[in-house]
Amino acid sequence: MMLACQRFVSVVRNSRTLSRHVTTWSPVGAAFNAQQRKVDLFQKNVGLFGVPALSTPAGFEVAQQRALRETEQLVEIACNNPPGALTVETFDQLSDSLCKVADLADFVKVGHPDPAFRDAAEKACINIGTVVERLNTNVELCRSLKNLLDNKEVLDSLDPDTRRVAELFMFDFEISGIHLDESKRGKAVSLNVNLLDLNNEFLNGTHLPNRIEKTALPEHIRHCFSIDGNSIQIGGLHADSPDELTVMKFLELLTDKLSDRTAKDFNLMRDMKMKMNSRSTVLMPWDHSYFSSAVRAERYKIDPSLYSPYFSLGACMEGLNMLFSQLLGVSFRNEQPMAGEVWSEEVRKLAVVHETEGLLGYIYCDFFRRPDKPHQDCHFTIQGGRLKKDGEYQHPVVVLMLSLPPPTRSTPTLLNPGMMENLFHEMGHAMHSMLGRTRYQHVTGTRCSTDFAEVPSILMEFFATDYRVVNQFARHYQTGQPLPKSMVSRLCESKRICGAADTQLQVFYAALDQVYHGKPQNRSTTDILKKIQEKFYGLPYVPNTAWQLRFSHLIGYGAKYYSYLMSRAIASMVWRQCFQKDPFNRDMGERYRREMLAHGGSKEPMLMVQGMLQRSPTLEELVDALVADLDTDSVTCRDDSS
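Reading the values: the criteria
- Residue numbers restart at each chain and count upward from 1, following the sequence in its written direction.
- It should be noted that, the model being predicted, local features are given only for residues of pLDDT at least 70 and side-chain atom pairs only at 80 or more, the latter also being counted only at that level, while totals for whole chains, interfaces and linings use all residues.
- Only hydrogens and water are set aside when side-chain values are computed; all heavy atoms of the structure are taken into account.
- Strands here are runs of E lasting at least two residues and helices are runs of H or I lasting at least four, both read from the DSSP assignment and numbered beginning at the N terminus.
- Exposed residues in this analysis have more than 50% of their type's maximum accessible area, buried residues have under 20%, and partly exposed residues fall in between, with area computed by a 1.4 Å probe over protein chains only.
- Values of accessible area rely on a 1.4 Å probe in the Shrake-Rupley scheme; residue burial ignores everything except the protein chains shown.
- To estimate how far a helix should reach, multiply one less than its number of residues by 1.5 Å.
- Among buried residues, the Ala, Val, Leu, Ile, Met, Phe, Trp, Tyr and Cys ones that are joined through side-chain atoms within 4.5 Å form a nonpolar core.
- A contact between two residues is defined here by any heavy atoms of the two lying within 4.5 Å.
- Note on definitions: the grid is 1 Å and covers protein atoms alone; a cavity is a set of points where a 1.4 Å probe fits but cannot get out; a pocket is an open set with protein on both sides within 12 Å along at least five of seven lines; lining residues have an atom within 4 Å of a point.
- Grid points are joined across faces, edges and corners, and a volume is the space filled by probe spheres set on the points.
- Here the term charged refers only to Asp, Glu, Lys and Arg, the term nonpolar to Ala, Val, Leu, Ile, Met, Phe, Trp, Tyr, Cys and Pro, and the term polar to all other amino acids, Gly among them.
- For every element, the axis is a line fit to its C-alpha atoms; helices are fit only across the contacting stretch, and the angle between N-to-C directions ranges from 0 to 180 degrees.
- Note on terminology: angles under 35 degrees are roughly parallel, angles over 145 are roughly antiparallel, angles of 65 to 115 are roughly perpendicular, and the others are oblique.
- Think of a salt bridge as a Lys or Arg side-chain nitrogen and an Asp or Glu carboxyl oxygen that are within 4 Å of each other.
- Distance and chemistry together define a polar contact, namely a pair of N or O atoms within 3.5 Å, with one atom able to donate a hydrogen and the other to accept it when in protein, and with adjacent residues in sequence counting only for side-chain atoms on both sides.
- Two helices cross in a left-handed way if the nearer one is turned anticlockwise from the farther one by less than a right angle. They cross in a right-handed way if the turn is clockwise.

J.: What is the right way to look at the overall build of the chain in this model?
T.: When helices and strands are tallied, the chain shows 23 helices and twelve strands. The burial tally for the chain puts 51% of its 642 residues in the buried class. Split by element, the accessible area of the chain, about 30600 Å² in all, is 52% carbon and sulfur.

Have a look at this one:
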């Protein structure tokens, strides 16, 4: 059995006293600061995520066939019943049946260490995708939904959530060309298939290295790249080496507000470049990341290794547990997975429990590095929440994937400040999934508009850098000493150095994305890049370069890259108005759940923001919120409890 708590004791001697500092971990903290207890090999294999069929890779075929049988039955029900709420409920059941296979497979194909499971999951994704494409062009199925939306009497009888979900399902039909005649619809389907192939080809190309002659690069920088005989492979920028009109108005206004600050930031980088390399005085686009980091390092001398002992993974998880408990009445309960339930023995399973409502859902924490695991931090929905016909609620299930070093027998996993913030960020997504208690799984949790999906996760970053929050959990894993307040302040201040230039770079990316996905233009993508870079960035375009070919976010975030800035602006306003004075305010926490988290995608994003702020923010206020975050006297870095 895992011990209820673990004690790390150290003895510190000085000239006058002998003192003992004891750090006592809660069950949650202990679970993440110790190596996982081995699964009982004599237990029955319950299958991945408790799905019995998935005890072997062949189970994906079984799961697919079951989903297809359910799909046929539900399509028949939808097409043969009069329009009403049952129509929408049936569509949602149909979506849920397919998503239970597709979402799970979408994670397994990248997260499972066994190639056989990954291959089976990949095939399942393709097969389910084909079924979805076929359903989205099923004229009879679409007609059953259109009959509902065209019947004013029936439509008026639906509650707002049901009506919105019906409209979202119709939108899915329309983007598949269902409203076109048969020949055009066939062409639209063909174009969508070709587009998927082109998307994959483009994404692969963004990561493929270019091979050039070794003599094309100066000798003193060749060591930064992979050398193969007389050739050098260049895989990217190597920056770390020693509504359309409304969106564009937002980006242009933000550019105007940032212009003076951005110019000062570029001057700082330029001065640093001259100081480090007097032979080169022109600041180039690829210099941004490297020299902004150099400026921060020189001014604040931030050494991540000095912070890591205070941010053991167990301490950070305790911090999240305490924050959610005080703010939302929600806590984590560590559970021992059953045999076959998880794909790696290092995966932790958390039950998320509300103080009065009971179990809300499950989070599987796949936090540690292993061979063949993607090096990325992300959130996967495995099962969406929804209200079932029997009145029971289908609990949401998610996976959080990080890339942290595993604990050893003597040392827990230690996070640097960036890792700690990423943990808080991803947990924001997870809690959105847990608390989005929607009637329909089609709009559960993070299944919402792109320009709102990042708000809960970015808001958690504000909590992660507030000393009042950090002081609750940041303790040295050996001595128990708290993280000094001055170290938190210095870290916050360093992040704002060159912050305007960093924000302006995101504006440039967002503007380029908007133009590429806007009206067709009779010019090359490189010509467009040059014009947008001159207007929205501030550093010169370099002739004979085509950086856009490495811009992988053009796929998936097409015309929506601006949503990161918009989400950050909204999160900043919510923080300042609702939590800055008291980050543990339970009334504000309940309002946050009620007005923002609970609705998932069943409510228009701006209506949720209005409910939280008690007013409608203007475009100018959103811009000002981003600019205000650049001020070094932000309260986030201070302890206002005194």
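J.: Teacher, can you tell me more about helix H20 (residues 563–579) here?
T.: Because each turn of an α-helix spans 3.6 residues, side chains separated by three or four positions in sequence point in the same direction. For H20, spanning 17 residues, the distance from its first C-alpha to its last is 22 Å, which sits close to the expected 24 Å at 1.5 Å a residue. Most of H20 sits out of view: 14 of its 17 residues are buried.

J.: How do you make sense of the nonpolar core when you look at a structure like this?
T.: Generally speaking, a soluble globular protein has its nonpolar side chains buried in company with each other. Counting 123 residues, the largest nonpolar core has Met317, Phe332, Ile363, Phe367 and Phe579 as the members making the most contacts within it. Sorting elements by how many residues they give to this core places helix H18 (residues 499–516) first, with eleven residues. For Phe332, the contacting residues outside a window of four places in its chain are Val28, Met317, Leu320, Asn321, Phe324, Leu350, Ala351, Val352, Ile363, Met427 and Met431. Listed in part, the 30 residues of the second largest apolar core include Ala102, Val154, Phe169 and Tyr440.

J.: Before we go on, may I ask you to explain empty space enclosed by the protein in this structure?
T.: Unoccupied space between atoms shows up once a probe the size of one water molecule is rolled over them. Of the pockets and cavities examined, the largest cavity occupies roughly 70 Å³. Every residue along the wall of the largest cavity is listed here: Phe324, Leu327, Leu328, Gly428, Met431, His432, Pro456, Met460, Phe463, Tyr592 and Leu597. Put simply, the parts of the chain that give the lining of the largest cavity at least two residues each are helix H12 (313–328), helix H13 (417–435), helix H15 (455–464) and helix H21 (586–597). Its residues placed into classes, the lining of the largest cavity shows nine nonpolar, two polar and no charged. As a volume, the second largest cavity reaches approximately 50 Å³. As for the second largest cavity, its lining consists of Phe311, Met420, Ala464, Thr465, Val470, Leu483, Val488, Leu491 and Cys492.

J.: Help me understand helix H17 (residues 485–495) in this model?
T.: Those residues of H17 lying buried are Met487, Val488, Ser489, Leu491, Cys492 and Ser494. Looking at the buried positions of H17, the neighbouring elements they touch are helix H10 (288–300), helix H11 (304–307), H13 and helix H16 (467–470).

J.: Sorry if this is basic, but what is going on with the packing of H20 against helix H23 (residues 619–628) here?
T.: Relative placement of two packed helices is described by the angle separating their axes and the distance separating the axes. At a minimum axis distance of 8 Å, the contact between H20 and H23 shows a crossing angle of 80°. Between H20 and H23, the crossing angle belongs to the class labelled roughly perpendicular. Contact residues: Leu565, Met566, Arg568, Ala569, Ile570, Ser572, Met573 and Arg576 in H20; Glu621, Leu622, Ala625, Leu626 and Ala628 in H23. Considering only residue class, the contact of H20 with H23 consists of nine nonpolar, one polar and three charged.

J.: Honestly, the pattern of salt bridges in this entry has me stumped. Any pointers?
T.: Pairing between side chains of opposite charge can happen when their charged atoms approach one another. Evaluated as defined, the whole model comprises 32 salt bridges. A salt bridge links Arg348 to Glu346, with the nearest nitrogen and oxygen atoms 3.2 Å apart. Taking the relative accessible area as the measure of exposure, Glu346 reaches 25% and is therefore partly exposed. One continuous salt-bridge network, built from bridges that share partners, spans Lys152, Asp156, Arg163 and Glu167.

J.: For this particular structure, what's the right way to read the layout of surface pockets?
T.: Of the voids in this model, the second largest pocket is the one considered here, and its volume is about 590 Å³. Residue lining of the second largest pocket: 25 residues in total, with Val51, Asp96, Lys100, Val101 and Gln383 positioned closest to the centre. Every element with two or more residues in the lining of the second largest pocket is listed here: helix H2 (59–80), helix H3 (85–111), strand S8 (358–368) and strand S9 (378–383). Within the lining of the second largest pocket, the residues separate by chemical class into 14 nonpolar, four polar and seven charged.

J.: How do you make sense of the side chain of Asp96 when you look at a structure like this?
T.: In this structure, Asp96 sits in helix H3. Accessibility expressed as a relative area gives 3% for Asp96, which makes it buried. Engagement of the side chain of Asp96 in a polar contact is seen with the side chain of Gln394, the distance being 3.1 Å. Other than its neighbours up to four places away in sequence, Asp96 contacts Arg386, Gln394 and Gln441.

J.: I tried to follow the packing of H20 against helix H22 (residues 605–613) on my own but got confused; where do I start?
T.: Remark: H20 packs on H22, axes separated minimally by 10 Å, with the N-to-C direction vectors making an angle of 20°. Taken together, the axes of H20 and H22 are roughly parallel relative to one another. Along this stretch, H20 crosses H22, giving a crossing that reads as left-handed. Contact residues: Ile570, Met573, Val574, Gln577, Cys578 and Phe579 in H20; Val609, Met612 and Leu613 in H22. Across the contact of H20 with H22, the residue classes tally to eight nonpolar, one polar and no charged.

J.: What should I look at first to understand the environment of Asn321 in this one?
T.: By the element assignment, Asn321 lies in helix H12. By relative accessible area, Asn321 is classed as buried at 14%. Sequence separation between Asn321 and Phe473 is 152 residues, and the spatial gap between their C-alpha atoms is 9.9 Å. Non-local contacts of Asn321, meaning those with residues more than four positions away in its chain, are made with Val28, Val330, Ser331 and Phe332. A polar atom in the side chain of Asn321 sits 2.8 Å from the backbone nitrogen of Phe332.

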